[in-house]
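Analysis of the macromolecular model
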Amino acid sequence: MSVTAKTSDDKKTVDICVAEQFDYSAHQSFREAYRFVDQPGAMFRVDLSKATYMDSSALGMILLLKEHADTLSGKVVLAKPNPAVHKILSIAKFDQFVTIEA
Amino acid sequence: MTVAEKLQTNLSLVLIADDMTLNQRLLEKMVVNMGLVAEFASDGFEAVEKYLALKPSLILMDVNMPGMGGIEAARQIKHLAADNFIPIIFVSGAEGQDIIRNAIDAGGDDFIQRPFPFELLEGKIVALRRISELYQQVAELNQIRQSEVEVAEQLFSGAIESSNVGLETIRMHKQPATTFSGDVQLTAYRPNGDLNILLGDFTGHGLTSTLGALPLAETFRAMTAKGYAAEEVIAQINAKLYRLLPTGLFLAVAVVTLEVDGTARIWNGGLPDVMVFSQGELVQRVSSSHPPLGILPQVNELSFEISNIQPEDHILMISDGVIEAENAEGDMFGEARMFAAITDPQYRHKYSLVDSILTSLQHFVRDFPQRDDISLIDIPGNSVQSERSFTATSQLVSDSEDSNDLDVWDWGLELQGRSLARIDPVAQALSRLQESEGEGEHWHTVFSILTELYVNALDHGVLKLESSLKDSPEGFARYFSEREKRLETLSWGSVSVHVQHARLAAGGRVFIRIEDSGDGFDYEAWLSNENAFNIGMLSGRGIELVSGLCESVEYSNHGATVEVVYVYSRH
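We now turn to the structure provided with this report. All figures in this text were calculated on a predicted structure; none of them were measured in a lab.

1. Here we look at the overall build of chain A
- The number of helices and strands found in chain A is 3 helices and 7 strands.
- Listing each helix as α and each strand as β along chain A from the N terminus yields β-β-β-α-β-β-α-β-α-β.
- Counted over contacts in chain A with a minimum sequence separation of 6, partners at least 24 positions apart contribute 69%.
- For chain A, the accessible surface area stands at approximately 5,000 Å², while carbon and sulfur atoms represent 52% of it.

2. So, the pattern of salt bridges
- This structure, assessed with the given rule, holds 27 salt bridges over all chains.
- With a shortest N-O distance of 3.0 Å, B:Lys174 and B:Glu161 are connected by a salt bridge. Here the residue B:Lys174 occupies a position in strand β6 (residues 171-175), and B:Glu161 occupies one in helix α6 (residues 118-161), the gap between them amounting to 13 residues.
- Overall, B:Lys174 belongs to the partly exposed group, its relative accessible area being 24%.
- Residue class for B:Glu161 comes out buried when judged on its relative accessible area of 17%.
- Several salt bridges share partner residues, and in doing so they unite A:Asp23, B:Glu326 and B:Arg371 into one network.

3. Re the interface of chain A and chain B
- Between chain A and chain B, the contact holds 19 residues from the first and 19 residues from the second.
- Summed over both sides, the interface of chain A with chain B buries roughly 1,400 Å², with 61% coming from carbon and sulfur.
- Of all residues in chain A, A:Tyr53, A:Leu63 and A:Ile91 bury the most surface against chain B, accounting for 33% of the area lost on that side.
- The interface formed by chain A and chain B contains 1 salt bridge.
- Its salt-bridge partner being B:Arg371, residue A:Asp23 comes within 3.9 Å of it at the nearest N-O pair.
- Across the chain A-chain B interface, the total number found is 5 residue pairs in polar contact (both at pLDDT 80 or more).
- Where the side of chain A that touches chain B is concerned, the elements lending two or more residues are α2 (56-71) and α3 (83-91) of chain A.
- Per element, the largest residue contribution to the side of chain A that touches chain B is 7 residues, and it comes from α2(A).

4. Section: the sheet that holds strand β20 (residues 561-569) of chain B
All names here are of chain B.
- Read across the open sheet, the 5 strands follow the order β16-β17-β18-β20-β19; overall the sheet is antiparallel. Of all strands in the sheet, those with a lone pairing partner are β16 (408-416) and β19 (552-556), marking the two edges. Between one strand axis and the next, the sheet turns by 15 degrees as a mean value, whatever way the strands run.
- The sheet contacts of helix α14 (residues 425-437) involve β16, β17 (494-504) and β20, and relative to β16 the element is tilted by about 165 degrees.

5. Some remarks on the pairing of strand β5 (residues 110-113) of chain B
Residue and element names in this part refer to chain B.
- Here strand β4 (residues 88-92) runs beside β5; their pairing, made up of 4 bridges, is parallel. Across the sheet, Ser-92 pairs through a bridge with Gln-113, a residue of β5.
- In terms of handedness, the path from β4 via helix α5 (residues 97-105) over to β5 forms a crossover that is right-handed.

6. Quick look at helix α12 (residues 353-365) of chain B
All names here are of chain B.
- In this model, α12 (13 residues) spans 19 Å end to end at C-alpha, consistent with the 18 Å of a helix rising 1.5 Å per residue.
- Where α12 is concerned, the buried positions are Leu-353, Val-354, Ser-356, Ile-357, Leu-358, Ser-360, Leu-361, Phe-364 and Val-365.
- In the segment just after α12, Arg-366 is the residue with positive phi, at about 50 degrees.

7. Quick notes on the sheet that holds strand β7 (residues 183-189) of chain B
Residue and element names in this part refer to chain B.
- Taken together, 5 strands build an open sheet; the order of strands is β7-β8-β9-β10-β13 and the sheet is antiparallel. Each edge of the open sheet carries a strand with a single partner, namely β7 and β13 (305-308). Strand after strand, the sheet turns through a mean of 15 degrees between neighbouring axes, direction not considered.
- In the sheet, strand β8 (residues 195-202) pairs with strand β9 (residues 251-258) via 8 bridges, with the strands oriented antiparallel.

Rules behind the numbers
Residues numbered from 1 in each chain as written. Chains lettered and ligands numbered in written order. Predicted model: local features only at pLDDT ≥ 70, side-chain atom pairs only at ≥ 80, totals over all residues. Heavy atoms only, no water. Helix = DSSP H or I, 4+ residues; strand = E, 2+ residues; numbered from the N terminus. Contact = heavy atoms within 4.5 Å. Areas by Shrake-Rupley, 256 points an atom, 1.4 Å probe, with all protein chains shown as cover. Salt bridge = Lys/Arg side-chain N within 4 Å of Asp/Glu carboxyl O. Buried < 20%, exposed > 50% of the residue type's maximum accessible area, 1.4 Å probe, protein only. Buried area = accessible area lost by both parts, 1.4 Å probe. Polar contact = N/O pair within 3.5 Å; in protein donor to acceptor, adjacent residues only side chain to side chain. Pairing = 2+ DSSP bridges. Axes fitted to C-alpha atoms, helices over the stretch in contact; angles between N-to-C directions. Right-handed = clockwise from strand over helix to strand, strands pointing away. Expected span 1.5 Å × (residues − 1).

Structure representation (structure tokens):
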């Protein structure tokens, strides 16, 4: 499984952990990880610590997640990107509209 | 093989390969009972020959035959059939697991051991013919799909990239990961000869990622041709892609405007750094300063970096497919290897910038399959030449104005305060002229005249920038940053633009008056200094250019008002 997800008991926080290669192959499982979460104000935390590579379709998946979170007035946090992944996020200037935590 | 050729398969014909006449007769009876027609071969060689000559729809193959046996014959027939499906059923009296395994390994589709009831063979033949039909349908669909992709590809490259300009000097390289590339490379001239160059990389690759390419190219070309600056082109592309593309699809893009005077304005939204090389050394990097286009409903403030490019300098744009190209060991090509290739003296004297990188890249990845599109654009500093668009109209049109034939219109716009930073009156004037008087080469010249005069009025009249600042390369950059700063805080001043067009017998006359709220300048002293043009000053070239293009140039109101007349002929 390229993506694992854990939803907190109050269903308000979803921890999504992606695998080493965060690319199109994760598309389906990444979507499954959040699509049934409909708690208003939900917080989605994407743990990137395992990812060593991320491509532009992964950026697209994050935008889809953000769109989902926005409809719930929720929040997306990208956590612990390694330097290579951080570089991809910063080239795309995702820091301008998504929170990135070290 | 085309669909038509496939259909030549003789659907009712079954080839029976057996060296025993008795067996041939027995199988023939069964086949004929099913309403099919039988043909015969007595050994493997004959089976191969008859397969090629008769194109049967099924083969019943004996295993042991003199000369070439059934297993070898099956292997050859399957090889010859290539993408076509020819079902082969082995029929044998011989026993043993090995024979069955060898028969299937050689490409046989089924195996039946003698003796057997008629129903068993009948069932197998019916089942295999069903698979055959499915196979054919898939092959046909695939062929239709393939030809559609080819047509789309032709349309795509024809519509989008064949209109690129400046390719005498600019070197573009594109290596798609699939037939369709998510990378788009575009170039177009503004009417004054400035060159806009765009490298875009849509999310992913293949057919879906190119959906946005047509509207992208259309917007880029149309707006550049109308003379809009890169800021406005980028904002418009973003608005269009935001509306058109589904969430998750977006465009990482960099735009370079190479101006006629050698100024390069570079903007990067999501691509690897755009690089400027001077004498083989990296002298400037322009990093991404904005999210890719199509994500945000509106663009944030666009920060351009400005660079003074010498004719022998190079600007290099790349897509991330270059840096992220992988070899069999899973290593990425990376920036370090790219720079090493560019500065490698061994390459440098032998290859161009793009070829140095490609040679090194090829060496690195070898045969490992390419995962992402690879794009490179090398823009040499000599890619724009001021002579290109300035074909000053000769005075073919004499003053043959007939007052009975009066055909004149006026257009004007006055900008005050902050609107000066926001509205581009030159593009508006141009589109009025084009809408009312049709397309024509001469508008390029009018664009240059209007731009020079308007920029003078705004920069010197309203913003009070000293043109002498531009005399040195450092001052050059300072001039532009100062200009940007003053524009941002602008809340006073005005510039009015007035355009009058009169139709003449074989062309037209354009009268332009531009007035600014500034103090003017000592134009008389300036005009009398004839040598001002010849001492290589970076300033003053604008007025020189305008004088060369117009019938007349007159300053009044202490230099705060300028009136020019331009005459063109229609061909």
